[in-house]
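Residue-level structural notes
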Amino acid sequence: MNVKKTLSIICAGAFLAIGSQAVAADDYKLTLKLSHVFSPAEQLTKSMDAVAEAILERTDGAIVIQTFPQAQLPAYKEGVEQVVRGAKFISVEDPSFIGDYVPDFKALYAPMLYRSFDEYVTLTETQLVADMKAQAEEQGIKILALHYIYGFRNLITQKVITTPADLSGMKIRTPGSKSYIDTLNAMGAVATPLPWGETLSAVQQGVVDGLEGSEFTNIGTKVYEGPTKNVANTRHILGTCGVYISPQVWAEIPENYQVIIQEEFSKGEDEMVALLKSQHGGVVEELESYGVVFNEVDGDAFRQALAPLYNEQEGMTPGIFEAIFTELDAMR
Ligand code: X3X
């Protein structure tokens with residue numbers, strides 16, 4: 001057989017082999033463990049369960065995503081590390097935890113940037129963020145979603161807070177990423193990082209003087225049942241989660257299943273944004289019925305206190321904050 005004909009058969013064979021990767025073999029099956037820290041009553045948990053169910057159904061049982069809430073599996077920094085190590089694992093955490101690998105995500109998650117959910121969602125759809133996602137993939141993190149938004153984070157304390165001076169000496173619980181610690185320290189508090197699972201007991205026992213979180217966290221985890229009945233409307237960080245998987249694990253998934261997985265996570269984040277926008281007013285009213293008091297704050301004073309956090313940190317792309325401000329200004 002001449003060389004040209006042999007090569008054409010090999011190529012054809014290769015094409016068919018590659019082609020079979022495009023459409024999964026009937027016996028293909030993959031189980032992925034999905035980990036996050038949210039509680040059963042919180043929308044993020046419900047959304048992850050719904051997405052996993054839709055993917056199972058649309059792939060006829062080929063792609064099984066087992067969801068593990070409340071940090072039953074590695075979460076926060078440790079959850080992202082599982083992804084980077086190439087585990088068959090999906091980490092659902094806020095983008096500040098990607099900042100350890102791609103510092104520009106610390107800029108994306110910087111305090112007091114966004115006036116609405118939509119501004120953040122629109123920013124995540126820009127080429128600027130697409131470039132950041134490409135950097136993340138090079139670091140071992142494929143990003144399937146970035147806007148599972150769970151609400152603007154406010155201060156939740158016993159004491160009424162209206163200015164940074166009011167926070168002086170107060171230990172405020174935060175998640176463990178540098179973004180939160182730097183933010184609460186700049187706001188005037190003593191940032192006290194704790195896993196969510198230890199937070200409410202720390203508040204009850206006076207280990208911390210308060211915490212910060214969204215109204216959806218407040219009602220979903222029953223923070224309101226504790227002593228911290230005052231919410232200061234700082235809206236200092238837009239609480240949002242991304243969905244992260246190993247690029248190596250992703251590459252092994254047949255293309256037709258990749259399309260379904262991406263479609264369902266994208267559909268899920270859009271639905272969650274719409275749902276929480278519609279629910280927020282009612283959640284505030286319900287919290288007020290439990291005795292929670294919402295206090296307005298001196299926004300200019302907090303913005304001034306947080307201004308140093310817009311200075312580029314080590315590893316950030318030069319001009320990253322200016323680029324973000326330019327995109328936001330273009331939306332307003
Ligand atoms: O990475 C995800 C977020 O940082 C979680 O924030 P955290 O630890 O304040 O938990 C929010 C709660 O709603 C979890 O139930």
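Residues numbered from 1 in each chain as written. Predicted model: local features only at pLDDT ≥ 70, side-chain atom pairs only at ≥ 80, totals over all residues. Heavy atoms only, no water.

1. Thoughts on the overall build of the protein chain
- Along the protein chain, the regular secondary structure elements total 13 helices and nine strands.
- Relative to a compact globule of 332 residues, whose C-alpha radius of gyration would be 20 Å, the protein chain shows 22 Å and is just as compact.
- Its C-alpha atoms put the protein chain at 85 × 40 × 35 Å along the principal axes.
- Across the 332 residues that make up the protein chain, the buried fraction comes to 52%.
- Across the protein chain, contacts joining residues at least 24 apart in sequence account for 76% of those joining residues at least 6 apart.
- When the accessible surface of the protein chain is split by element, carbon and sulfur atoms take 54% of a total near 14600 Å².
- Each charge class in the protein chain can be summarised by its mean position, and for the 25 positive and 44 negative side chains these summaries are 3 Å apart. (Helix = DSSP H or I, 4+ residues; strand = E, 2+ residues; numbered from the N terminus. Rg over C-alpha atoms; globule rule 2.2 N^0.38 Å. Buried < 20%, exposed > 50% of the residue type's maximum accessible area, 1.4 Å probe, protein only. Contact = heavy atoms within 4.5 Å. Areas by Shrake-Rupley, 256 points an atom, 1.4 Å probe, with all protein chains shown as cover. Lys, Arg positive; Asp, Glu negative; His and termini not counted. Charge placed at Lys NZ, Arg CZ, Asp CG, Glu CD.)

2. Some points on the confidence of the model for the protein chain
- For the protein chain, the average pLDDT comes to 94, and 92% of its residues sit at 70 or higher.
- Here helix α1 (residues 3–22) stands out as the least confident element of the protein chain, with mean pLDDT 43; strand β3 (residues 89–93) is the most confident, with 99.
- When the criterion is pLDDT under 50, residues 3–21 qualifies, and its contacts beyond four places in sequence or with other chains add up to six contacts. (pLDDT = per-residue confidence, 0-100.)

3. So, the nonpolar core
- Ranked by internal contacts, the top residues of the largest apolar core, which has 86 residues, are Ile65, Ile90, Phe105, Tyr148, Val243 and Phe265.
- Those residues in contact with Phe265, other than ones at most four positions away along the chain, are Leu34, Met48, Val51, Ile55, Ile65, Ile90, Leu144, Tyr148 and Val243.
- Ranked by size, the runner-up nonpolar core spans 15 residues in total, among them Met112, Leu184, Val297 and Leu309. (Core = buried A, V, L, I, M, F, W, Y, C linked by side-chain atoms within 4.5 Å.)

4. Brief notes about empty space enclosed by the protein
- Applying the stated criterion across every chain yields a total of three cavities of 30 Å³ or more.
- At the level of secondary structure, the elements contributing two or more residues to the lining of the largest cavity comprise β3, β4 (142–157) and β7 (210–213).
- Class assignment of the residues belonging to the lining of the largest cavity gives a composition of nine nonpolar, three polar and six charged.
- The computed volume of the second largest cavity comes to approximately 80 Å³.
- The dominant element in the lining of the second largest cavity, judged by the number of residues it contributes, is helix α7 (residues 178–186), at four residues. (1 Å grid on protein atoms, 1.4 Å probe; cavity = no way out; pocket = protein on both sides within 12 Å on 5 of 7 lines; lining within 4 Å. Points joined across faces, edges and corners; volume = space filled by probe spheres on them. Nonpolar A, V, L, I, M, F, W, Y, C, P; charged D, E, K, R; others polar.)

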